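# Chain and residue survey
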Protein chains: 2
Amino acid sequence: MSYSTDPRAARSREAILVAARRLLASEGPGAVTHQRVSQEAGVGRATVYRHWPRSEQLLLDVMDGADLPLFKDPETPVRPWLHRQLRQMADDLMPPAVAGLSLTLMQSALWDPEIARRRDESNKVIRERIHAAIRSAVAARELESDADPADLTAMLVGPIVYRTAMQREAVSDGLIDRLLDGVGTWRR
Amino acid sequence: MSYSTDPRAARSREAILVAARRLLASEGPGAVTHQRVSQEAGVGRATVYRHWPRSEQLLLDVMDGADLPLFKDPETPVRPWLHRQLRQMADDLMPPAVAGLSLTLMQSALWDPEIARRRDESNKVIRERIHAAIRSAVAARELESDADPADLTAMLVGPIVYRTAMQREAVSDGLIDRLLDGVGTWRR
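Residues numbered from 1 in each chain as written. Chains lettered and ligands numbered in written order. Predicted model: local features only at pLDDT ≥ 70, side-chain atom pairs only at ≥ 80, totals over all residues. Heavy atoms only, no water.

## Looking at the packing of helix α6 (residues 96-109) of chain A against helix α6 (residues 96-109) of chain B
Two elements in contact, α6 of chain A and α6 of chain B, have axes separated by 9 Å at closest approach and are oriented at 160°. Comparing the axis directions of α6 of chain A and α6 of chain B gives the class roughly antiparallel. α6 of chain B is crossed by α6 of chain A, and the crossing has left-handed handedness. Contacts between α6 of chain A and α6 of chain B involve G100, L103, T104, M106 and Q107 of chain A on the former and, on the latter, G100, L103, T104, M106 and Q107 of chain B. Partitioning the contact of α6 of chain A with α6 of chain B into residue classes produces four nonpolar, six polar and no charged. (Axes fitted to C-alpha atoms, helices over the stretch in contact; angles between N-to-C directions. Helix = DSSP H or I, 4+ residues; strand = E, 2+ residues; numbered from the N terminus. Parallel < 35°, antiparallel > 145°, perpendicular 65-115°, else oblique. Left-handed = near helix turned anticlockwise from the far one by under 90°. Contact = heavy atoms within 4.5 Å. Nonpolar A, V, L, I, M, F, W, Y, C, P; charged D, E, K, R; others polar.)

As structure tokens, then:
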């Protein structure tokens, strides 16, 4: 559909995006559903479906360029902060729309260079943030670790993605503790 | 297309499945491509494409019911055996068709109960095999570990799926060692 030639459609599209960004920022990706977004934007649910037949597509457009707070600005002591970030990530990933989006992204990126670029960009941000947190724990002598940034990310984030997307079960705090134990030796 | 009413199509379909199962057993999932399967089955590549437009679909039909050897029948000492199994899994997952299949399965299972059942079945097999291997290492006093079967699987398999499907980089032996270190205390 060509939004550009229909000012009303362009306005509703923009209102939906603004509402969806607000929901993403205040309640996380699980809140970006057709129902919540249509209420928040004050448009009919059918209008949201017309612009974005699937909630993954809407979520993808909304997240693109959004500066998500996950793993950003580590606090000391690092371990409890990292625990909270991993907890948040696990909870964010559980709604089917979000799990579906992650899998859609990974899958499309296998053959679509533009989506591969977005995936790589998002990988890079997560890797650098986790590495910054680990570096700050090492600098404060809270942790001894010599794992490289990509390995750290795979060891902390990989099991959470696997548990939520593949095993479809909740991530326990005990599992998060085990993951943190795996990245090095913590001084408690 | 209705194979049942066209005996020639039914025959070529069966020949393709037999050839694909042979390739899967001898060379792993990466070998189940349109080109290799058409050569092995002695049919034209177009015929394979007609039955299975995408190689993921073919691979899914071939793997269904196949008793894959991965993580089966642990050997002692367990650690080097487990290392080889994880190495094999990482190598198996790298070809885009296989990475794509895993992601397609996970994604479709979010809304398709029949595929969710197949995913849960396959999760269960992997979890039980990994747990059997870990139990045998604990029984032989090679390992101390109190992690539960689902956590063990997430910690060993999750980072490998993440590295191959999301980071799209090779899994190093160093990463596999770190993952094994994470499941408990090994006596070396």
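## Quick look at the interface of chain A and chain B
Contact residues are listed per partner, giving 33 residues for chain A and 33 residues for chain B. On the surface where chain A and chain B come into contact, there are four salt bridges. Put simply, D146 of chain A and R178 of chain B hold a salt bridge, and the shortest N to O gap is 2.9 Å. Looking at which element gives the most residues to the side of chain A that touches chain B, the answer is helix α8 (residues 149-166) of chain A, with 13 residues. (Salt bridge = Lys/Arg side-chain N within 4 Å of Asp/Glu carboxyl O.)

## Things to note about the pattern of salt bridges
All chains considered together, the criterion is met by 24 salt bridges over all chains. A salt bridge links R163 of chain A to D151 of chain B; its shortest N-O distance comes to 2.8 Å. Here D151 of chain B lies in helix α8 (residues 149-166) and R163 of chain A lies in helix α8, a pairing that spans two chains. The buried category is assigned to R163 of chain A, whose relative accessible area is 4%. Judged by relative accessible area, D151 of chain B falls into the buried class, the value being 6%. Overlapping salt bridges, with partners in common, bring together R79, D177 and D181 of chain A in one network. (Buried < 20%, exposed > 50% of the residue type's maximum accessible area, 1.4 Å probe, protein only.)

## Structural notes on the relation of the copies chain A and chain B
The two copies are related by a screw motion: chain A maps onto chain B through a turn of 180° and a shift of 0.0 Å along the axis, at an RMSD of 0.0 Å. In short, the pair behaves as if placed about a two-fold rotation axis. (Least-squares fit on C-alpha atoms with pLDDT ≥ 70 in both.)

## With respect to the packing of helix α5 (residues 78-93) of chain B against helix α7 (residues 113-139) of chain B
Residue and element names in this part refer to chain B. Their axes nearest at 10 Å, the elements α5 and α7 cross at an angle of 160°. One finds that α5 runs roughly antiparallel with respect to α7. The chirality of how α5 crosses α7 is left-handed. Taking contact as the criterion, the partners of V78, W81 and L82 in α5 are, on α7, A133, I134, S136 and A137. For the contact of α5 with α7, the class distribution of residues is six nonpolar, one polar and no charged.

## Brief notes about the nonpolar core
Membership of the largest hydrophobic core comes to 102 residues, with the highest contact counts inside it found for L58 and L82 of chain A together with L58 and L82 of chain B. Once you skip the residues sitting within four places of it in the chain, L82 of chain B turns out to touch F71, A133, I134, L156 and L180 of chain B. (Core = buried A, V, L, I, M, F, W, Y, C linked by side-chain atoms within 4.5 Å.)

## A word on the side chain of T47 of chain A
All names here are of chain A. As for its position among the elements, T47 is in helix α3 (residues 45-51). Assessed through its relative accessible area of 15%, T47 is described here as buried. Leave out the neighbours within four places in its chain, and T47 touches S12 and I16.

## What to know about the domain arrangement of chain A
Residues and elements named next belong to chain A. Under the domain assignment used here, chain A contains domain 1 (3-55) and domain 2 (78-186). On a C-alpha basis, the centres of domain 1 and domain 2 stand 28 Å from each other. Listed by partner, the interface residues are four residues for domain 1 and five residues for domain 2. Taking both sides of the interface into account, the surface hidden between domain 1 and domain 2 amounts to around 310 Å²; carbon and sulfur atoms contribute 68%. Seen at the junction of domain 1 and domain 2, the total is zero salt bridges. Counting every contact that joins domain 1 to domain 2 gives zero residue pairs in polar contact (both at pLDDT 80 or more). Counted by class, the side of domain 1 that touches domain 2 contains one nonpolar, two polar and one charged residues. (Domains from an automatic or database assignment. Buried area = accessible area lost by both parts, 1.4 Å probe. Polar contact = N/O pair within 3.5 Å; in protein donor to acceptor, adjacent residues only side chain to side chain.)

## Quick look at the side chain of D92 of chain A
Residue and element names in this part refer to chain A. Looking at where D92 falls in the secondary structure, it is placed in helix α5 (residues 78-93). Put simply, D92 is tucked away with no salt bridge, and the nearest opposite charge, on R87, sits 9.5 Å away. Beyond its immediate sequence surroundings of up to four residues, D92 is in contact with P29 and V98. (Lys, Arg positive; Asp, Glu negative; His and termini not counted.)

## A closer look at α7 of chain B
Residues three or four positions apart in an α-helix share a direction because the helix packs 3.6 residues into each turn. Taking 1.5 Å of rise per residue, 27 residues should cover 39 Å, and α7 of chain B covers 38 Å from first to last C-alpha, within 8% of that figure. Of the residues making up α7 of chain B, those classed as buried are I115, A116, R119, N123, I126, R129, I130, A133, I134 and A137 of chain B. On its buried side, α7 of chain B packs onto α8 of chain A together with α5, α6, β1 (143-144), α8 and β2 (185-186) of chain B. (Expected span 1.5 Å × (residues − 1).)

## Considerations on helix α2 (residues 34-41) of chain A
All names here are of chain A. Those residues of α2 not exposed but buried are H34, V37, S38 and A41. Along the axis of α2, the buried residues cluster in a sector spanning 100°; they form a single face. Two residues or fewer past α2, G42 is found with a positive phi of approximately 65°. (Arc of directions from axis to C-beta.)

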